[in-house]
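Each chain, written out:
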Amino acid sequence: MDFCIDENILEQVTRVVSDSNNEENEWFERLLCRQKGVQRMSESQNARVLRIETMYASLLDELQMAWDEVGEMEEEREKTMLEIENECREVYKRKIDGVKEEMTRLRHAIADSEAKLMSICSAMGESPLYGRQSEQSGRSLKEEMGRILQQIEDMQKRKSERRNQFIQVLCDIQCVSDEINGRSEDISSDPEVDESDLSLRKLEELHRQLYTLQEQKRTRLRQIQDHLRNLESLCLVLGLDFRQTAFQIHPSLVESEGSKCISNEALNQLASSVQQLYETKIQRMQDLQDLLMTMLEYWNLMDTPVEEQQRFRNITSNIAATVSEITEPNSLSLELLEQVRTELCRLEEVKWSKMKELVLKKRSELQEICRKTHIVLEPDIVDENVMEAIESGEVNPENILEQIELEAAKVKEEALSRKDILEKVEKWFSTREEENWLEEYNQDENRYNTGKGTHLILKRAEKARILVNKIPGMVEALVSKTAAWESERKAEFLYDGCRLLSMLEEYTELRQEREQERRRKRDQKKLQGQLPVEQEAITGSNTSPLKPAASGKKSLKVTTNKRVASVSLPQTPRPGSPQSAKSNTPQSRLSRKIDQRF
């Protein structure tokens, strides 16, 4: 029989549903959905139902006709009809049970599929596109099952693609990690993927981890390149084979193509090798500079020709260079150091063969410095017996050279402190020469006679008088500066072995005596000029006063010369005279210098 509900009844049921409780709402919703499904099915099934009813009616008519012919009793007919109804009911019941079992199986399958779909979506961090809406939407269980299976298939495809992405990222991470950690095993199988979390968030975390490792790899590659550049530069300077040195650290470091090893071990070993070579460079540089200093000392000591020094010009240019300034190839190689040592050995042999000449030369240089600075050397320095001791082997010439060099350094240091005083002494001596000339000029009776060059002599006399007038201040300043020098250095200022302050005091005393002698001579001249006048006044003589005056002047000149000779020091003998060799002591030189003025 057909199962259908009138439209008016449906409207009433809808109103009832809206006012009922939840359980009733749910029952009415299922009823409405079933009714809608029945209405959709009725159109296709009405014809079939009609055909079945027609067939049943035909069979019943045929059975009725057979019973009539047989004369079957009414009770038997009712009994047979009841059996037919029961059999039909059993058939329908079995069919209904089968359908219900199928429905239950489909619902379980749908639930399992939905759980599987939810698991896939949960692993991928996504929500399912559709929920279970078969009863609300009126779809059959098979349609719902098909829809869910399609969704599962789509999600499994996406899951597979997502899993491949995870595998790729994990492989990249593993590869970079192996490079950093120095593991070189080949990975034949895919890495394990946690399929419970295939979300985009997890994938993004892996991408960030991969980026961090790649950045670390790039940083290590830059460090490797920097270390290799430093290693190549050091090998170039030290004369080592760069490729062999790098190969010993790791074979991949010398390969132009392919990836280089960036493991911690390789990086640390490379940095350690660079540091060791850098320390080797410093040590060789110090050794080379020490050797070059010794070589320069030998060259200066033996006056080595410039042409011979040119062979080592490129090497000696690094004598004061810093570590960073030495970049020329093989500039610190073992071969070069050996070459310099060989040259030093040769210079050592030459030095021993020329030691006597060197001692004489250095002593002469020291004596020249002392002569210019008016310093007297120690007797053991200028002792001639030293040379005989060197020739006989009793004295080591190096000790004598060292003593001479120390004395030269001491003399040069003292000369610097004496420079200002010596300049003033030379100026004082020069002024005294002018004073001596002026004295001789003033004693010349013909100095005012006109003649060729007379005006030049007068100009010189005028300049000499100006300088002579400055002598007292000059001596006073020199005494003050010399006294300050002696006070500072706690020693006497000696000039050619004599104390300069004593020279200045003696000169001051002699100058005072000269001034007294000059005043006495002026007074005597005044007395001698008055005697003829008084004699003429007494005797009334007509004798010319010029003759006695001339005789008086002559006697004055003689007397004056005797007095000056009595206070003057011996005159300085000319160089080359027999007396010059006898009077070459410091005291005689001082006397000569003071006596130049008189």
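Scroll up to find the structure this text is about.
Residues numbered from 1 in each chain as written. Predicted model: local features only at pLDDT ≥ 70, side-chain atom pairs only at ≥ 80, totals over all residues. Heavy atoms only, no water.

## Looking at the overall build of the protein
Move 1: On a plain count of helices and strands, the protein comes out with 21 helices and two strands.
Move 2: A total of 598 residues make up the protein; the buried ones form 30% of that total.
Move 3: Within the structure as shown, the protein displays about 40,100 Å² of accessible surface, and the carbon and sulfur contribution to it stands at 51%. (Helix = DSSP H or I, 4+ residues; strand = E, 2+ residues; numbered from the N terminus. Buried < 20%, exposed > 50% of the residue type's maximum accessible area, 1.4 Å probe, protein only. Areas by Shrake-Rupley, 256 points an atom, 1.4 Å probe, with all protein chains shown as cover.)

## A word on the nonpolar core
One broad rule of soluble globular proteins: the nonpolar side chains tend to lie buried together.
Move 1: If you look at the biggest cluster of nonpolar residues, it comprises 73 residues, and the most contacted ones within it are Leu-231, Leu-288 and Met-295.
Move 2: Only helix 3 (74-123), helix 5 (141-181), helix 6 (200-238), helix 7 (242-249), helix 8 (264-302), helix 11 (334-353), helix 12 (355-373) and helix 15 (397-443) provide two or more residues apiece to this core.
Move 3: Here this core takes 13 residues from helix 8, the largest share from any one element.
Move 4: Judged by nonpolar contacts, the second largest core, of 23 residues, contains Trp-428, Ala-461, Trp-485 and Leu-504. (Core = buried A, V, L, I, M, F, W, Y, C linked by side-chain atoms within 4.5 Å.)

## Overview of the packing of helix 3 against helix 5
Move 1: Interhelical geometry of helix 3 versus helix 5 gives an angle of 25 degrees and a closest axis separation of 9 Å. In terms of orientation, helix 3 and helix 5 fall into the roughly parallel class. Crossing of helix 3 over helix 5 shows left-handed handedness. Seen from helix 3, the contacting residues are Glu-102, Met-103, Leu-106, Arg-107, Ala-109, Ile-110, Ser-113, Glu-114, Lys-116, Leu-117, Ile-120 and Cys-121; seen from helix 5, they are Leu-141, Lys-142, Glu-144, Met-145, Ile-148, Leu-149, Gln-151, Ile-152, Met-155, Gln-156 and Lys-159.
Move 2: Looking at the contact of helix 3 with helix 5 residue by residue, the class counts come to 13 nonpolar, three polar and seven charged. (Axes fitted to C-alpha atoms, helices over the stretch in contact; angles between N-to-C directions. Parallel < 35°, antiparallel > 145°, perpendicular 65-115°, else oblique. Left-handed = near helix turned anticlockwise from the far one by under 90°. Contact = heavy atoms within 4.5 Å. Nonpolar A, V, L, I, M, F, W, Y, C, P; charged D, E, K, R; others polar.)

## Remarks on helix 15
Move 1: Along its 47 residues, helix 15 runs just 58 Å from first to last C-alpha, ending more than 12% under the 69 Å computed at 1.5 Å per residue.
Move 2: At Arg-418, helix 15 shows its maximal bend, which comes to roughly 55 degrees. (Expected span 1.5 Å × (residues − 1). Bend = angle between axes of the 7 residues up to and from the residue.)

## Brief notes about the packing of helix 5 against helix 6
Move 1: Where helix 5 meets helix 6, the axes come as close as 10 Å, and the angle between the chain directions of the two elements is 25 degrees. Judged on the interaxial angle alone, helix 6 and helix 5 are roughly parallel. As for how helix 5 packs across helix 6, the hand of that crossing is left-handed. On helix 6, the residues that touch Arg-162, Gln-165, Phe-166, Val-169, Leu-170, Asp-172, Ile-173, Val-176, Ser-177, Glu-179 and Ile-180 of helix 5 are Leu-200, Lys-202, Leu-203, Leu-206, His-207, Gln-209, Leu-210, Leu-213, Gln-214, Gln-216, Lys-217 and Arg-220.
Move 2: Its residues assigned to classes, the contact of helix 5 with helix 6 comprises 11 nonpolar, six polar and six charged.

## Considerations on the environment of Leu-234
Move 1: Along the polypeptide, Leu-234 turns up in helix 6.
Move 2: On the basis of relative accessibility, which here comes to 7%, the residue Leu-234 falls in the buried class.
Move 3: A sequence separation of 43 residues divides Leu-234 from Leu-277, and the C-alpha atoms of the two residues are 6.5 Å apart.
Move 4: Non-local contacts of Leu-234, meaning those with residues more than four positions away in its chain, are made with Val-274, Leu-277, Tyr-278 and Lys-281.

## Here's the deal with the environment of Leu-277
Move 1: Positionally, Leu-277 belongs in helix 8.
Move 2: Taking the relative accessible area as the measure of exposure, Leu-277 reaches 12% and is therefore buried.
Move 3: Filtering out sequence-adjacent residues up to four positions away, Leu-277 remains in contact with Leu-231, Leu-234, Cys-235, Leu-238 and Leu-240.

## Points about the side chain of Glu-435
Move 1: Examined against the element boundaries, Glu-435 turns out to sit in helix 15.
Move 2: Here the side chain of Glu-435 touches Arg-511 through a polar contact of 3.4 Å, side chain to side chain. (Polar contact = N/O pair within 3.5 Å; in protein donor to acceptor, adjacent residues only side chain to side chain.)

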